[in-house]
Amino acid sequence: MKKLTFLLFLLIPTLLFSQPAQETPQGEVAIGISKMVAHPALDAIEQGIQDYLNSTDIKASFDLQNCNAEIGTAIAIAQKFKSDKKDLVIGIATPPAQALAQVITDKPVVFGAITDPLAAGLVANYDRIEPTNIAGISDLNPVELQLDTFFSITGVKRLGMIYTSGEANGVAMMELARDICKARDIEFVAAAISNSSEVKMAAQSIVGRIDGMYVAIDNTVVSAIAGVSDVCKKAGIPLFNTDTTSSENIDFLMSWGFNYYTVGIETGKLVERIINGEDPKDIGAVFFEDPTQFELWFNLDVAKKLGINIDERLLSSAAVLFKDGKKIQRK
């Protein structure tokens, strides 16, 4: 989000958060957490952060806020945290993290689950040489490997994708998927949305022109994943959802991504490092490189309905399978 947009929102009255600040007990670290919207992945990150820090010797209090995908509310939350003099603040997903970074410059700002921190303007570069109060965790997935696997299973020749045009993560993932498809001579059909209420309609607008649907790490789209699943199910289109946390109750074929509770744990570890004196500048953006930190799921019931056979080698590497309506935890 451009700085001009945030400056304009700074002019909006923020009466929702005008209650008096409570004093933090001596020796306790006051932490403010602002998340994009309530859905399983972001809720899991929030919980993981708290659980990890509560398992340490750090005494912390948590002020949990949800901006409900509203940029103005994200700014109001950031202003509240600033006036409350929080010791450290955490933004879960791009707009809340951007708002905190824009408003709070004298305390550590930590971001959780930002796909492209550079494109989001949260870091100036990945060299860790410029002074900054910002550090955090990226949830960038191995997109090329993921899509190649999906293509090999399904034989997809026309891939559909819905993305949030106003969110840096969504745009970055769309551009990456588009380039991968172009290199493989696969038609790419994208539909842009601005809020979650548009997601199902966007899916309906492109489902007749595609033979596979890809849902990337895009919080607005994932928050309405049930609508995408419904459209794909009715059209007989395989769905690849990269957010395993939200795949439990939808008709996906393949889901491959993070366990977001683990992302929360890793974010909590980063917060601990800062509380213990490490400079955010020396941490920067942290990327996951260990394949074991990703989970691969398959829904064999959906595969059967679509007439798709999944190679046994892939099935053997899956952490979770769904078969006969039951979830089978394998790893």
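To be clear, the structure that these remarks concern was listed above.
Now for a quick tour of the structure.

Definitions and limits used
- Residues numbered from 1 in each chain as written.
- Predicted model: local features only at pLDDT ≥ 70, side-chain atom pairs only at ≥ 80, totals over all residues.
- Heavy atoms only, no water.
- Helix = DSSP H or I, 4+ residues; strand = E, 2+ residues; numbered from the N terminus.
- Contact = heavy atoms within 4.5 Å.
- Pairing = 2+ DSSP bridges.
- Axes fitted to C-alpha atoms, helices over the stretch in contact; angles between N-to-C directions.
- Parallel < 35°, antiparallel > 145°, perpendicular 65-115°, else oblique.
- Left-handed = near helix turned anticlockwise from the far one by under 90°.
- Salt bridge = Lys/Arg side-chain N within 4 Å of Asp/Glu carboxyl O.
- Buried < 20%, exposed > 50% of the residue type's maximum accessible area, 1.4 Å probe, protein only.
- Right-handed = clockwise from strand over helix to strand, strands pointing away.
- Expected span 1.5 Å × (residues − 1).
- Core = buried A, V, L, I, M, F, W, Y, C linked by side-chain atoms within 4.5 Å.

Now for the overall build of the protein chain. If you tally the helices and strands in the protein chain, you get 12 helices and 14 strands. Taking the intrachain contacts of the protein chain between residues at least 6 apart in sequence as the baseline, contacts between residues at least 24 apart amount to 69%.

The subject of this paragraph is the sheet that holds strand 6 (residues 158–164). Strand order in the open sheet made by the 8 strands is 7-6-8-9-10-12-13-14, with mixed pairing throughout. The outermost strands of the open sheet, each flanked by one partner alone, are strand 7 (187–193) and strand 14 (326–329). Neighbour to neighbour, the strand axes of the sheet diverge by 20 degrees on average, direction disregarded. Inspection of the sheet shows strand 9 (residues 239–241) paired to strand 10 (residues 254–258) by 2 bridges, in the parallel sense.

In this section: the packing of helix 3 (residues 71–83) against helix 4 (residues 94–103). In the contact formed by helix 3 and helix 4, the axes pass within 8 Å of each other and the chain directions differ by 45 degrees. Put simply, helix 3 runs oblique to helix 4. Every pair of crossing elements has a handedness; the one defined by helix 3 and helix 4 is right-handed. Residue-level contacts link Ala74, Ile75, Ala78, Gln79, Phe81 and Lys82 of helix 3 to Pro95, Pro96, Ala99, Leu100 and Val103 of helix 4.

Okay, the pattern of salt bridges next. Evaluation of the coordinates by the stated rule reveals 16 salt bridges. Where Asp63 meets Lys86, a salt bridge forms, and the shortest distance between an N and an O atom there is 3.4 Å. Here Asp63 is found in strand 2 (residues 60–66), whereas its partner Lys86 is found in the loop between helix 3 and strand 3 (88–92), with 23 residues between them in sequence. Taking the relative accessible area as the measure of exposure, Lys86 reaches 13% and is therefore buried. Among the salt bridges present, the one from Lys327 reaches Glu248, with a minimum N-O distance of 3.1 Å.

Right, let's get into the pairing of strand 7. Bridge count for strand 6 against strand 7 is 7 bridges, and the pairing is parallel. Across the sheet, residue Met161 finds its bridge partner in strand 7, namely Ala190. Each parallel crossover has a hand, and the one from strand 6 via helix 6 (residues 168–183) to strand 7 is right-handed.

This part is about helix 5 (residues 143–154). Spanning 12 residues, helix 5 covers 16 Å between terminal C-alpha atoms, matching the ideal 16 Å at 1.5 Å per step. All of the buried residues in helix 5 are Val143, Gln146, Leu147, Thr149, Phe150, Phe151 and Ile153. Positioned one or two residues after helix 5, Gly155 has a phi angle of 70 degrees, which is positive.

This part takes up the nonpolar core. Membership of the largest hydrophobic core comes to 86 residues, with the highest contact counts inside it found for Leu159 and Tyr214. When residues in this core are grouped by element, the largest group, 7 residues, is from helix 2 (residues 40–54). Residues within four places of Leu159 in sequence aside, it is in contact with Leu147, Phe150, Phe151, Cys181, Ile186, Glu187, Phe188, Val189, Ile210, Gly212, Met213 and Tyr214. By size, the runner-up hydrophobic cluster in this structure holds 27 residues, among which are Val199, Val207, Met213 and Phe322.

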